[in-house]
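# Coordinate analysis (summary)
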Amino acid sequence: MKVLITGITGFAGSHLAEYILNAHKDVEVSGIVRWRSRLENVRHLLGKVRLHEADLKDMVSVKAVLAAVRPDRIFHLAAQSYVPASWRLPAETFATNAIGQINLFESCRALRLNPRIHVAGSSEEYGMVYPDEIPMKETNPLRPLSPYAVSKVAQDLLAFQYHRSYGMRIVRTRGFNHTGPRRGEVFVTSCFAKQIAEVELGKREAVISVGNLDAKRDFTDVRDVVRAYWLTLEKGKPGEVYNIGSGQAHSIKEVLDILLSMSRVRMEVRVDPERLRPSDVPILLADSTKFHKLTGWEPRIPLRKTLEDLLNYWRGTLAAEDTALAAARPAKHAAAAEAGGRPEKGARAVQRREKKKPARTR
Ligand code: NDP
């Protein structure tokens, strides 16, 4: 079987690729990358996955990848996934998420491919939720509160429409927050964990900067979520939508406290008004009964273990950066020493000429 993952270089996409390679050895995994994608999340998978260059906003490139791979299944995870950025870049967010998905679907149609497609929606689609609507079922009204959330609603409804209109085998999920190793540093759990690791390594003063600590979120380990994504295309019914979450809400303050309890040094917590969003969803809590009944899925990894792995990920990543810097330093010094501490006359002239050149943009 051939699987294509859009967003393979991202947080969930890299874990999904890893899960499939480990648990389903007969599957050939391909992924879409952009020419400037950072590959650190998939570096350990290079040679095991096939990477194809495309940008969701460019249908020509998307179609070319689909024609080359001809996948049996597509996990569509690529997105502008960061809520705060969507306030600053609403049109870009909509173009990537909604128009990008149209490009993917239309490419399938143009090539007469009808793979099973998973569309990764988000709990943010529910947006404003009233107290008597918690935990949220799939039938809850969608009242999105950010440009990102609106773009995910668009993806969700387009997926439904393409299924109804063209019989495409699309299954949607609405994932609640997931976290774990490799989570982007701009997201709250990772942002806290990275700051703690930086303080431990003496890279910043012992102050951790936070936003709204009252918001409550349903956190699931990313490794449990990607297992659910696989089951979505194994057992999910095309046209249907399924919530994926742990069914437990934790305040951001609780998450912070767990991480601080694992810290090797004491630190002060300081609220940064810059980190507060224009309108934050107060609580997101999943009712995943529909998905559980269909697949038997439930999360296996407790939040504490997830956060511990995330903190250790940052400790390891930052320490490795330090080691790489330290390794680079003596070589530079040695080179300078070899040249007698000062560059030779001719070399100095070259340096002067180089300085006068305009800075390269790429
Ligand atoms: P990330 O931000 O970590 O990854 C996003 C991925 O999308 C990257 O691989 C990125 O590639 C790719 N991408 C972005 N724009 C384009 C484009 N124009 N063309 C091609 N690829 C592009 O997101 P996550 O892994 O956290 O999320 C995956 C999906 O799950 C998203 O759809 C998100 O909305 C959804 N989701 C996530 C939740 C979470 O808690 N993580 C919760 C609910 C839903 P590049 O490396 O080039 O930037």
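Residues numbered from 1 in each chain as written. Predicted model: local features only at pLDDT ≥ 70, side-chain atom pairs only at ≥ 80, totals over all residues.

Regarding its fold elements, the protein chain presents eleven helices and 13 strands. By the burial criterion, 41% of the 362 residues in the protein chain qualify as buried. Contacts in the protein chain between residues far apart in sequence, at least 24 positions, make up 80% of those at least 6 positions apart. (Helix = DSSP H or I, 4+ residues; strand = E, 2+ residues; numbered from the N terminus. Buried ≥ 20, exposed ≤ 12 C-beta atoms within 10 Å, placed from the backbone. Contact = placed C-beta atoms within 7 Å.)

What follows deals with the sheet that holds strand β5 (residues 116-122). Pairing in this open sheet of seven strands is parallel, and the strands run β3-β2-β1-β4-β5-β6-β11 from one edge to the other. Two strands close off the open sheet at either side, each with one partner strand: β3 (50-53) and β11 (241-244). On average, adjacent strands in this sheet sit at an angle of 20° to one another, irrespective of strand direction. By the bridge criterion, four bridges tie strand β2 (residues 28-33) to β3 in an arrangement that is parallel. The residue of β3 that forms the bridge with serine 30 is arginine 50. Taken strand by strand, helix α1 (residues 11-23) contacts β1 (2-6), β2 and β4 (73-76), and its axis lies near 165° from that of β2. Across the face of the sheet, helix α5 (residues 147-166) comes into contact with β5, β6 (169-175) and β11 while running at roughly 150° to β5. (Pairing = 2+ DSSP bridges. Axes fitted to C-alpha atoms, helices over the stretch in contact; angles between N-to-C directions.)

Turning our attention to α1. Over its 13 residues, α1 extends 18 Å from the first C-alpha to the last, a length consistent with the 18 Å expected when each residue adds 1.5 Å. For α1, the complete set of buried residues consists of Phe11, Ala12, Gly13, Ser14, His15, Leu16, Ala17, Glu18 and Ile20. Tucked inside the fold, the buried residues of α1 contact β1, β2, β4, β7 (178-179) and α7 (222-235). (Expected span 1.5 Å × (residues − 1).)

Surveying the vicinity of the ligand reveals 26 residues, the closest of which are Gly7, Gly10, Ala12, Ser37 and Ala79. Looking at the shell around the ligand, the elements that each hand over two or more residues are α1, α4 (90-110) and β5. Examining the composition of the shell around the ligand, we find that three residues originate from one element, α1, more than from any other. Its residues placed into classes, the shell around the ligand shows eight nonpolar, 14 polar and four charged. (Near = placed C-beta within 6 Å. Nonpolar A, V, L, I, M, F, W, Y, C, P; charged D, E, K, R; others polar.)

Moving on to the packing of helix α6 (residues 188-200) against helix α8 (residues 252-261). Each pair of packed helices can be described by the angle between their axes along with the distance between the axes. Interaxial distance between α6 and α8 falls to 10 Å at its minimum, and their mutual angle equals 30°. Taken together, the axes of α6 and α8 lie roughly parallel to each other. Where α6 crosses over α8, the two elements pack in a sense that is right-handed. When α6 is examined against α8, the residues Val188, Thr189, Phe192, Ala193 and Ile196 are found in contact with a partner set consisting of Ile252, Val255, Leu256 and Leu259. Grouping the constituent residues of the contact of α6 with α8 by class yields eight nonpolar, one polar and no charged. (Parallel < 35°, antiparallel > 145°, perpendicular 65-115°, else oblique. Left-handed = near helix turned anticlockwise from the far one by under 90°.)

This part takes up the environment of asparagine 243. Mapped onto the fold, asparagine 243 is located in strand β11. A C-alpha to C-alpha distance of 8.5 Å links asparagine 243 and serine 122, two positions 121 residues apart in sequence. Once residues within four sequence positions are removed from consideration, asparagine 243 is found in contact with Met136, Glu138, Arg174, Ala286, Asp287, Ser288, Lys290 and Phe291.

Moving on: the packing of α1 against α7. Orientation of α1 relative to α7, taken along the N-to-C sense of each, is 65°, at an axis distance of 9 Å. On the basis of the axis angle, α1 is roughly perpendicular to α7. Judged by the sense of rotation from one axis to the other, the crossing of α1 with α7 is right-handed. Counted together, Phe11, Ala12, His15, Leu16, Tyr19 and Ile20 of α1 and Val222, Arg223, Val225, Val226, Arg227, Tyr229 and Trp230 of α7 form the full contact between these two elements. Classifying every residue of the contact of α1 with α7 by side-chain character gives ten nonpolar, one polar and two charged.

This part covers the pairing of β6. Where a strand is regular, its side chains alternate between the two sheet faces. Within β6, six of the seven residues are buried, leaving the element largely enclosed by the surrounding structure. In this structure, β5 lies alongside β6, joined through seven bridges in parallel fashion. Directly across from isoleucine 117, in β6, lies its bridge partner isoleucine 170. Note on the crossover from β5 through α5 to β6: the handedness is right-handed. Here four bridges tie β6 to β11, and the two strands are oriented parallel to one another. (Right-handed = clockwise from strand over helix to strand, strands pointing away.)

So, about the environment of isoleucine 99. Structurally, isoleucine 99 can be placed in helix α4. Through-space distance from the C-alpha of isoleucine 99 to that of leucine 56 is 8.0 Å; in sequence the pair is 43 residues apart. In this structure isoleucine 99 touches Lys57 and Phe94, once residues within four positions along its chain are discounted.

With an omega of 0°, the peptide bond between isoleucine 134 and proline 135 qualifies as cis. Considering the arrangement of structural elements, one finds proline 135 in the loop between β5 and α5. The phi torsion at arginine 70 lies on the positive side, around 45°, for a residue other than glycine. Structurally, arginine 70 can be placed in the loop between α2 (59-69) and β4. Arginine 70 sits in the exposed class, given 12 other C-beta atoms within 10 Å.

Counting residues in hydrophobic clusters, the biggest one holds 58 residues, and the most contacted among them are Ile5, Leu16 and Ala17. Looking at this core, the element that brings in the most residues is α7, giving seven residues. Apart from the residues within four sequence positions on either side, alanine 17 is in contact with Ile5, Ile8, Val29, Gly31, Val42, Leu45 and Val49. One finds Val188, Phe192, Ile196 and Leu256 within the second-largest nonpolar core, a separate group that totals 15 residues. (Core = buried A, V, L, I, M, F, W, Y, C linked by C-beta atoms within 7 Å.)

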